[in-house]
Amino acid sequence: MDRAGLAADAYVYGYPLVACLTEVSRFTREGMGPVPATPFNAFGHAHRLAGPDDAFVSVNNDTVYSVAQVDVGGGPVRLTVPDTDGAYYVLQFVDAWTNNIAYVGRRATGTGAGTFLIAPRGYTGEVPDDTAVIPVSTGVVAIVGRLACTGPADLARVERLQKGLRLHAATPPARAPLSSIAATGVPEDLMFFEHLRVWMAAFPPAVPDRAYQERFRSIGLLDADPPYADPPADLAEALVEGAARGRTRIEEASRSAPAVNGWQVAPHAFDYNVDFLGPGTRDSPRWKLADRAKGYLARAVAARVGLWGNHGYEAVYAPVYVDADGAPLSGAHAYELRLPAPPPVDAFWSLTMYDMPDYYLVPNAIDRYSIGDRTPGLRPEADGSVTLRVSHAPPADGDTANWLPAPAGAFRPLMRLYQPRSEILDGSYALPPLIRTSQTA
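Thresholds, definitions, all that
- Sequence order as written defines the numbering, with residues in each chain counted from 1.
- Thresholds applied to this predicted model are a pLDDT of at least 70 for local features of residues and 80 or more for the giving and counting of side-chain atom pairs; totals over whole chains, interfaces and linings are not thresholded and use all residues.
- No hydrogens and no water enter the side-chain calculation; it runs on all heavy atoms of the structure.
- Where helices and strands are cited, they refer to DSSP runs of H or I of at least four residues and of E of at least two residues respectively, numbered from the N terminus.
- Our radius of gyration looks at C-alpha atoms and nothing else; its globule reference is 2.2 Å times the residue count to the power 0.38.
- Only protein chains enter the calculation, and the probe is 1.4 Å; a residue is then buried if its accessible area is under 20% of its type maximum, exposed if over 50%, and partly exposed in between.
- Areas reported here follow the Shrake-Rupley algorithm with a probe of radius 1.4 Å; residue values treat only the protein chains shown as occluding.
- All tallies of charge rest on Lys and Arg as positive and Asp and Glu as negative; His and the ends of each chain are not included.
- Working definition for charges: the position is that of NZ of Lys, CZ of Arg, CG of Asp or CD of Glu.
- Domain delimitation follows an automatic or database domain assignment.
- Note on definitions: a residue-residue contact is assigned when non-hydrogen atoms from the two residues lie within 4.5 Å.
- A simple way to read buried area is as the amount of 1.4 Å-probe accessible surface that goes missing from two parts once joined, with both sides added.
- The salt bridge criterion pairs a side-chain nitrogen of Lys or Arg with a carboxyl oxygen of Asp or Glu, the two atoms within 4 Å.
- Just so you know the grouping, Ala, Val, Leu, Ile, Met, Phe, Trp, Tyr, Cys and Pro go in nonpolar, Asp, Glu, Lys and Arg go in charged, and all remaining residues, Gly too, go in polar.
- Across the chain, bend at a residue is computed as the angle between axes fitted to the seven residues ending at that point and the seven starting from it.
- The span expected for a helix works out to 1.5 Å for each residue beyond the first.
- For this analysis, a polar contact is any N or O atom pair within 3.5 Å, provided that within protein one partner can donate a hydrogen and the other can accept it, and provided that sequence-adjacent residues contribute only side-chain to side-chain pairs.
- Each pair of strands is called paired provided DSSP finds at least two bridges between the two strands.
- Geometry is summarised by axes, namely lines fitted to C-alpha atoms with helices restricted to the contacting stretch, and by angles between N-to-C directions that run from 0 to 180 degrees.
- UniProt positions are given in the numbering used here, feature names are shortened, and annotations may be inferred rather than shown by experiment.
- Angle categories: roughly parallel below 35 degrees, roughly antiparallel above 145, roughly perpendicular from 65 to 115, and oblique for all the rest.
- We call Phe, Tyr and Trp rings a pair once their centres come within 6.5 Å, taking the six-membered ring for Trp, and we label the pair stacked below 30 degrees between planes, edge-to-face above 60, and tilted otherwise.
- Sitting over a ring, as applied to charges here, requires NZ of Lys or CZ of Arg to be within 6 Å of the ring centre and within 35 degrees of the ring normal.

An unreviewed UniProt entry annotates the chain as DUF1254 domain-containing protein originating from Asanoa ferruginea.

Dropping the structure here:
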């Protein structure tokens, strides 16, 4: 394979690692929207639902975030969680390669108070009584906490629960877990590969993946010293071309998933983790994508369109790009989505609006970014069905009870189904299509 082809493969393979650790670093330095900048081994708590100022891929507007970046370089870190009295929450543990490696929360461990020990891989030290061990696969992991919230009036309850989420590291890490890239003078168009080189070495993956990485030795990704500050012209050209090819491959794959009524219902979008399945995960063939080559692309697509998304048994994410006739969704038109009955979930469901191509929340006049079973004033029909109205302009009749505002241009809504029931997971339940109406913006 030519070096541009190798660089394209490396881009797809390494995109999740770079995307993930870039966000980990951002959370510790800048925070993200309502989550303040927070050092390692501490929770940063949002005190509002996410909005359009929160630039994160497919951020949700259903739950309040409590996020922690955990570094076990100094040893295990203790986690305590409060009793949520039955309320939905999930703490999702994501390693540096975006593998979902463990869960704590209503589905996985219940809603009672508990204590957990987040420990390095292979830890054999003391474990206190009444403490469950969560082994982690990389030295840095993200805990993405989501606490269900019905709206502003419910924030006081959520904040009380957040105070019960605590981390304690007995020994500070001996190193900076995400030290700045040492090389100086690396051109911007090659910086992706420099990040990938440094972070592949710092956060080694499973053994079979390390063998795959050997393919990239000829393009400098296994070099001990920085090779990209002044590379040969032909190598630089191959890397730039390869990155472009890799980006195209990911974008095309993100829109080519099988669809039913336009919806890409993908309960197995996060099944690429086959090596590190800890507490709260399901270690069974049904939830593991055995083909590693396919897994690398699936992992990159997941990082691109839904970074830090959950396994399907925790939540299913269903994007839709087209209407019932297969035409791309656009704010130039209005649409209706008629749900004959509420989607079959054990927690809750919502439809969230995102722009394209960034997949960010969209500003609108009524400050509504998602709509679902917890939306105040949502009006069902007498037969129990619910018709959602999606458009850029407000409905002509002035009825906004079931309206989800859309941007003026292209958009991509996402249906979230929390704690989905078996009919969603086995495909027997189908979301109806978005029907374009006669109204135009």
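Right, picking up where we left off after that structure.
S.K.: Quick one: what's the story with the overall build of the chain, residue by residue and with numbers?
M.R.: Each helix and strand in the chain was counted, giving eight helices and 17 strands. Computed over the C-alpha atoms, the radius of gyration of the chain is 22 Å, within 12% of the 22 Å expected from 2.2 N^0.38 for a compact globule of 441 residues. Each principal axis of the C-alpha distribution contributes one length, and for the chain these read about 65 × 55 × 40 Å. The burial tally for the chain puts 55% of its 441 residues in the buried class. Working note: accessible area of the chain is about 17,800 Å², and carbon and sulfur atoms make up 53% of it. For the chain, the distance from the average site of its 38 positive side-chain charges to the average site of its 48 negative ones is 3 Å.

S.K.: Got a sec to walk through the domain arrangement of the chain? Specific residues and values, please.
M.R.: Each domain of the chain was delimited in the assignment, giving domain 1 (1-257) and domain 2 (259-440). Tallying the contact residues gives 60 residues for domain 1 and 52 residues for domain 2. Between domain 1 and domain 2, the buried area comes to about 4,900 Å², and carbon and sulfur atoms account for 57% of it. In this structure, the connection of domain 1 to domain 2 is made through four salt bridges. When residues in the side of domain 1 that touches domain 2 are grouped by element, the largest group, nine residues, is from helix α1 (residues 3-29). Taken together, the residues that form the side of domain 1 that touches domain 2 break down as 35 nonpolar, 14 polar and eleven charged.

S.K.: Outline α1, listing residues and values.
M.R.: Roughly 50 degrees is the biggest bend found in α1, and it falls at G14, with proline P16 one to four residues downstream. Most of α1 is tucked away, with 23 of its 27 residues classed as buried.

S.K.: Just give me the short version of helix α7 (residues 292-306), but keep the residues and values in it.
M.R.: With 15 residues, α7 should cover 21 Å at 1.5 Å per step; its first-to-last C-alpha distance of 20 Å lies within 8% of that length. All of the buried residues along α7 are G295, Y296, R299, A300, V301, A302, A303, R304, V305 and G306. Where the residues of α7 are buried, they touch α1, α5 (207-213) and α6 (233-254). Taking the backbone nitrogen of A293 as reference, a side-chain oxygen 3.0 Å away marks D291 as the first, capping residue of α7. W308 sits one or two positions beyond α7 and adopts a positive phi of about 70 degrees.

S.K.: Break down the sheet that holds strand β1 (residues 43-45) for me, citing the residues and quoting the values.
M.R.: An order of β1-β2-β8-β4-β5 is seen for the five strands of this open sheet, with the pairing classed as antiparallel. The two strands at the open ends of the sheet, each matched to only one other strand, are β1 and β5 (100-105). With strand direction ignored, the average angle separating the axes of adjacent strands in the sheet is 20 degrees. The pairing of β1 with strand β2 (residues 63-71) spans three bridges and is antiparallel. If you follow H45 over to β2, its bridge partner there is S66. Of the strands in this sheet, β2, β4 (89-95) and β8 (140-148) are in contact with α1, which crosses β2 at around 100 degrees.

S.K.: Can you explain the UniProt feature "domain: DUF1254" (unreviewed entry) in the chain? Please cite residues and give values.
M.R.: The feature "domain: DUF1254" (unreviewed entry), as given by UniProt, occupies residues 40-167 in the numbering adopted here. Secondary structure across residues 40-167 divides into 9% helix and 42% strand, with the first and last C-alpha atoms of the span separated by 10 Å.

S.K.: Outline the pattern of salt bridges, supporting the account with residue identities and numerical values.
M.R.: Enumeration over the complete set of coordinates arrives at 22 salt bridges. With a shortest N-O distance of 2.7 Å, D234 and R3 are connected by a salt bridge. Taken together, the residues D234 in helix α6 and R3 in helix α1 connect sequence positions 231 residues apart. The exposure class assigned to D234 is partly exposed, which follows from its relative accessible area of 45%.

S.K.: Give a detailed account of the packing of α1 against helix α4 (residues 191-202), specifying residues and quantitative values.
M.R.: One way to put it is that α1 packs onto α4 with a least axis distance of 9 Å and a crossing angle of 75 degrees. When the axes of α1 and α4 are compared, the pair comes out roughly perpendicular. Of α4, the residues touching α1 (which contributes A7, A10, Y11, Y13, G14, Y15, L17, V18, L21 and T22) are F192, F193, H195, L196, W199 and M200. Per-class residue counts for the contact of α1 with α4 are 13 nonpolar, three polar and no charged.

S.K.: Now, about the packing of aromatic side chains: what can you tell me, with residues and values included?
M.R.: According to the stated counting rule, one finds 20 aromatic pairs in the structure shown. Taken together, a centroid distance of 5.0 Å and an interplanar angle of 90 degrees make the contact between Y13 and Y296 edge-to-face. Placement of the pair is Y13 in helix α1 and Y296 in helix α7, with a sequence separation of 283 residues. Y296 matches Y13 in its accessibility class, with the two residues each being buried. Consider the rings of F192 and F193, whose centres lie 5.3 Å apart with planes at 85 degrees: the pair is edge-to-face. For the pair formed by F192 and F193, the shared burial category is buried. Aromatic rings pair up to connect Y13, W97, Y212, F216 and Y296 into one cluster. Here the basic side chain of R374 rests over the ring of F348, its NZ or CZ set 4.1 Å away from the ring centre.

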